[in-house]
Amino acid sequence: MLKVYMGGLENEIYNPDMYFNNQYEDKWITDELAKAMIADVDKSVVISSHVIDSPVLGAITPKELSGGVKTLMLLAFDTSGNIFNGSACGDNCAKWILKLAEDKDITITLHHGMRFGAGPFEIEILNNGKIVRNRHEWLENIYNFI
Amino acid sequence: MKGQYRVTIFNKRLRFEFDIRRNITVVRGDSATGKTTLIGMLSNYEQNGVASGITVNCAKKCVVLDSIRWQVNLQSISDSIVFIDEGEKFIGSDEFAAAVGASDNYFVLITRHNLPNLPYSVQEIYGIRISQKYAGFKQIYNEFYPLYEADKQEYGSDSAVMVIEDSKSGFEFFEAVYGKKYQCVSAQGKSNVYRLLLACSEKACIVVADGAAFGAEIERIYHLMEDGRKIYLFLPESFEWLLLKAHFSENNAVAKVLEAPENYIDSKAYISWERFFTDFLIKQTAGTYWQYSKQHINPVYLHEKNLPKMVNAIQNYGRKSEKEMQDS
């Protein structure tokens with residue numbers, strides 16, 4: 001399940017982009033899930049663990065991927081137990097966050113009202129312990145805290 | 001700092017081009033639209049100049065500010081456009097908000113935070129998109145586009161609730177003019193508007209607020225609208241701006257200011273345009289029978305002879321002039 005803390009936490013990784021650059025592993029990049037996320041969010045094609053073909057930037061390394069897709073990969077593959085700032089992700093990453101949380105518990109902080117769509121989904125708001133299942137319930141709960 | 005500035009940043013592959021005209025501009029939107037790339041190019045240029053292979057054209061110096069000793073570094077930056085990327089946590093702090101208020105720089109903030117402690121305009125929140133203007137060129141041309149457009153809207157049915165940000169003269173005016181048609185409620189400040197909208201979910205709502213300082217609220221209100229709520233937005237620069245437009249725009253000096261406020265509003269003296277327009281109206285009307293006070297509406301503005309001008313200004317707000325239509 002996706003668990004969200006609205007607002008900042010002292011121990012959150014606020015800048016997942018930087019954290020990814022120093023912690024990612026080559027095998028993450030060539031994982032089929034990562035390839036799909038990179039194709040969808042960054043519109044780019046993974047050539048190898050070191051090279052990605054971006055339609056805008058040309059041949060890039062994983063460090064030049066967007067902050068959003070780097071955060072998604074951290075949520076998918078990082079095993080440190082750290083809590084990442086989900087607001088490094090744009091709304092075009094929201095469906096992937098929900099998908100990743102289908103298979104395991106994921107905890108993130110959010111500093112903005114991310115758009116997860118109309119629902120149905122299942123998100124626990126850690127600030128008040130409520131579980132919300134659609135956009136209406138999401139909106140009734142999140143903006144009290146940010 | 002005053003004025004509007006075109007910023008052009010390009011290398012062989014990418015080009016960013018946009019105008020900055022207020023002290024606070026916010027850039028947000030989807031991932032992978034080029035926000036961090038823009039900051040990276042500016043940073044490379046700042047460190048290496050033309051040797052970076054990047055060109056930056058702007059009448060003002062463009063500077064990237066990061067979290068390392070940001071307070072000390074900001075003190076040494078003056079009369080510049082300061083860019084801050086989204087990974088910088090200090091952007092949401094009270095210390096940063098105070099520093100913006102005391103600064104003569106313009107700030108471009110790349111962030112999805114609502115930044116409730118900064119009074120920024122709904123008109124200065126942008127996304128980045130690939131422009132169709134130069135489609136087909138080898139260089140990919142990126143431009144800013146407004147995320148929240150204040151188009152002319154029809155304002156709902158007679159049973160609507162009019163939620164007015166102001167509690168004093170602005171509220172008194174709207175209640176006097178529209179109180180028979182709509183149920184008028186004062187939000188007693190912008191941060192309460194969302195709460196009131198949540199509470200009256202059964203009815204259509206018209207939000208009347210000062211657009212020049214309402215940026216922090218707009219995201220969550222748009223989110224409610226996406227959820228199917230009937231919400232109509234009336235967000236002129238400010239109530240005082242409307243009064244100036246309605247009653248004093250025949251005065252050449254006032255007309256010039258209203259036409260291009262950025263050329264007259266010093267960002268260090270006024271953290272938001274809303275505050276400038278209040279001061280400007282007070283000075284403009286001091287000692288006359290139009291004398292304006294923020295505490296209570298001067299009955300002159302509600303007199304039947306004067307009211308049509310203001311109602312006209314409200315009804316025409318958001319409609320493009322013939323010249324603007326031709327320009328667009």
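Residues numbered from 1 in each chain as written. Chains lettered and ligands numbered in written order. Predicted model: local features only at pLDDT ≥ 70, side-chain atom pairs only at ≥ 80, totals over all residues. Heavy atoms only, no water.

1. Things to note about the sheet that holds strand 11 (residues 183–186) of chain B
Residue and element names in this part refer to chain B. We apply this condition: Between any two strands, pairing holds if DSSP finds at least two bridges. Think of it this way: any DSSP run of H or I at least four residues long counts as a helix, any run of E at least two long counts as a strand, and we number them from the N terminus. In this description, a line fitted to the C-alpha atoms serves as the axis of each element, helices being fitted only across the stretch in contact, and the angle between N-to-C directions of two axes falls anywhere from 0 to 180 degrees.
As summarised here, the arrangement of the four strands in space is 11-10-12-13, forming an open sheet in which the pairing is parallel. Taken across any chain shown, the strands that pair with only one partner, and hence form the sheet edges, are strand 11 and strand 13 (231–234). Put simply, the sheet's adjacent strands are angled 20 degrees from each other on average, direction ignored. Strand direction decides the pairing type here: strand 12 (residues 205–208) and strand 13, joined by four bridges, are parallel. In the sheet register, cysteine 205 faces strand 13, and the bridge partner there is isoleucine 231.

2. Description of the sheet that holds strand 2 (residues 45–46) of chain A
Residue and element names in this part refer to chain A. In spatial order, the strands read 2-3-4; together these three strands make up an open sheet with antiparallel pairing. The open sheet has two edge strands, strand 2 and strand 4 (58–60), and neither has a second partner. Strand direction decides the pairing type here: strand 2 and strand 3 (residues 52–54), joined by two bridges, are antiparallel. Bridge pairing links valine 46 to isoleucine 52 in strand 3.

3. Some remarks on the domain arrangement of chain B
Many descriptions give the size of an interface as the accessible area lost when the pieces come together. All names here are of chain B. As a reminder of what qualifies: Boundaries of every domain are those given by an automatic assignment or by a domain database. The contact rule is simple, with two residues in contact once any of their heavy atoms fall within 4.5 Å. For any pair of parts, buried area is found by adding up, for both, the accessible area (1.4 Å probe) each one loses once the two are put together. A pair is scored as a salt bridge if a Lys or Arg side-chain nitrogen falls within 4 Å of a carboxyl oxygen belonging to Asp or Glu. For this analysis, a polar contact is any N or O atom pair within 3.5 Å, provided that within protein one partner can donate a hydrogen and the other can accept it, and provided that sequence-adjacent residues contribute only side-chain to side-chain pairs. Each residue is assigned to one of three groups, with Ala, Val, Leu, Ile, Met, Phe, Trp, Tyr, Cys and Pro labelled nonpolar, Asp, Glu, Lys and Arg labelled charged, and all others, Gly among them, labelled polar.
For chain B, the assigned domains are domain 1 (5–146) and domain 2 (150–318). The straight-line distance from the C-alpha centre of domain 1 to that of domain 2 is 29 Å. Opposite the 21 residues of domain 1 that make contact, domain 2 presents 19 residues. Area buried by domain 1 at its contact with domain 2 is led by Arg21, Pro119 and Val122, which between them contribute 33% of it. For the pair domain 1 and domain 2, the number of links is two salt bridges. If you look at where domain 1 meets domain 2, you find seven residue pairs in polar contact (both at pLDDT 80 or more). The element best represented in the side of domain 1 that touches domain 2 is helix 3 (residues 94–101), accounting for three residues. In the side of domain 1 that touches domain 2, the residues fall into ten nonpolar, seven polar and four charged.

4. Things to note about the side chain of His111(A)
Tracing the sequence through the fold places His111(A) in the loop between strand 6 (106–110) and strand 7 (123–125). One polar contact links His111(A) to Glu12(A), side chain to side chain, over a distance of 3.1 Å. Among residues more than four places away in sequence, those in contact with His111(A) are Gly7(A), Gly8(A), Glu12(A), Tyr14(A), Asn85(A), Ser87(A), Ile146(A), Arg112(B), His113(B) and Asn114(B).

5. Structural notes on helix 1 (residues 16–23) of chain A
Residue and element names in this part refer to chain A. What counts, and what does not: Using a 1.4 Å probe on the protein chains alone, a residue whose accessible area is under 20% of its type maximum counts as buried, one over 50% counts as exposed, and one in between counts as partly exposed. By construction, the arc corresponds to the directions joining the helix axis to the C-beta atoms.
By the burial criterion, the buried members of helix 1 are Pro16, Asp17, Tyr19 and Phe20. Here the buried residues of helix 1 occupy an arc of 165 degrees about the axis, which is enough to place them on one side. Turning to helix 1, the residues buried within the fold contact helix 2 (26–29), helix 4 (67–77) and strand 5 (84–85).

6. Observations concerning the packing of helix 1 of chain A against helix 4 of chain A
All names here are of chain A. Put simply, the test is: If an angle is under 35 degrees, it is roughly parallel; if it is over 145, roughly antiparallel; if it lies from 65 to 115, roughly perpendicular; otherwise it is oblique. When the near helix sits turned anticlockwise from the far one by under a right angle, the crossing is termed left-handed; a clockwise turn instead gives a right-handed crossing.
Contact pair helix 1 / helix 4: the axes reach a minimum separation of 9 Å and the direction vectors enclose 60 degrees. As judged from the angle between their axes, helix 1 and helix 4 are oblique. Crossing handedness for the pair helix 1 and helix 4: left-handed. Residues Pro16, Asp17, Tyr19, Phe20 and Asn21 of helix 1 touch helix 4, and the partners they reach there are Gly67, Lys70, Thr71, Met73 and Leu74. Split by residue class, the contact of helix 1 with helix 4 holds five nonpolar, three polar and two charged.

7. Observations regarding the pairing of strand 5 (residues 61–64) of chain B
Moving residue by residue along a regular strand, the side chains alternate between the two faces of the sheet. As paired strands, strand 5 of chain B and strand 6 (residues 80–84) of chain B are joined by four bridges and run parallel to one another. Looking at the pairing, Val63(B) lines up with Val82(B) of strand 6 of chain B.

8. Focus: a nonpolar patch on the surface
Residue and element names in this part refer to chain A. For clarity, the threshold we go by: A residue counts toward a patch only above 30% relative accessible area and without a salt bridge, and it is joined to like-charged neighbours within 9 Å or, for Val, Leu, Ile, Met, Phe, Trp and Tyr, to nonpolar neighbours within 5 Å. Here the accessible surface of atoms and residues is derived via Shrake-Rupley with a 1.4 Å probe, and residues count as covered only by protein chains that are part of the display.
On the surface, Val45, Ile47 and Val51 cluster together to form a nonpolar patch covering roughly 250 Å² of accessible area. As for its placement among the helices and strands, valine 51 is situated in the loop between strand 2 and strand 3. You can call valine 51 partly exposed: its relative accessible area is 32%.

9. Overview of the packing of aromatic side chains
Residue and element names in this part refer to chain B. In plain terms, the rule: Only Phe, Tyr and Trp rings are paired, with Trp represented by its six-membered ring, and only when their centres lie within 6.5 Å; those with planes under 30 degrees apart are stacked, over 60 edge-to-face, the remainder tilted.
Following the criterion strictly, the structure yields 30 aromatic pairs over all chains and no others. Between phenylalanine 248 and tryptophan 290 the ring centres are 5.6 Å apart and the planes differ by 75 degrees, which places this aromatic pair in the edge-to-face class. With phenylalanine 248 in the loop between helix 7 (239–247) and helix 8 (252–259) and tryptophan 290 in the loop between helix 9 (273–285) and helix 10 (307–316), the pair connects residues that are 42 residues apart, well separated along the chain. Residue class for tryptophan 290 comes out buried when judged on its relative accessible area of 15%. Ring geometry for tyrosine 292 against tyrosine 301: centres 6.4 Å apart, planes inclined by 85 degrees, an arrangement best described as edge-to-face. Tyrosine 292 sits in the buried class, given a relative accessible area of 4%. What links up through ring pairs into an aromatic cluster is the set Phe173, Phe174, Tyr178, Tyr182, Phe234, Phe239, Trp241 and Tyr317.

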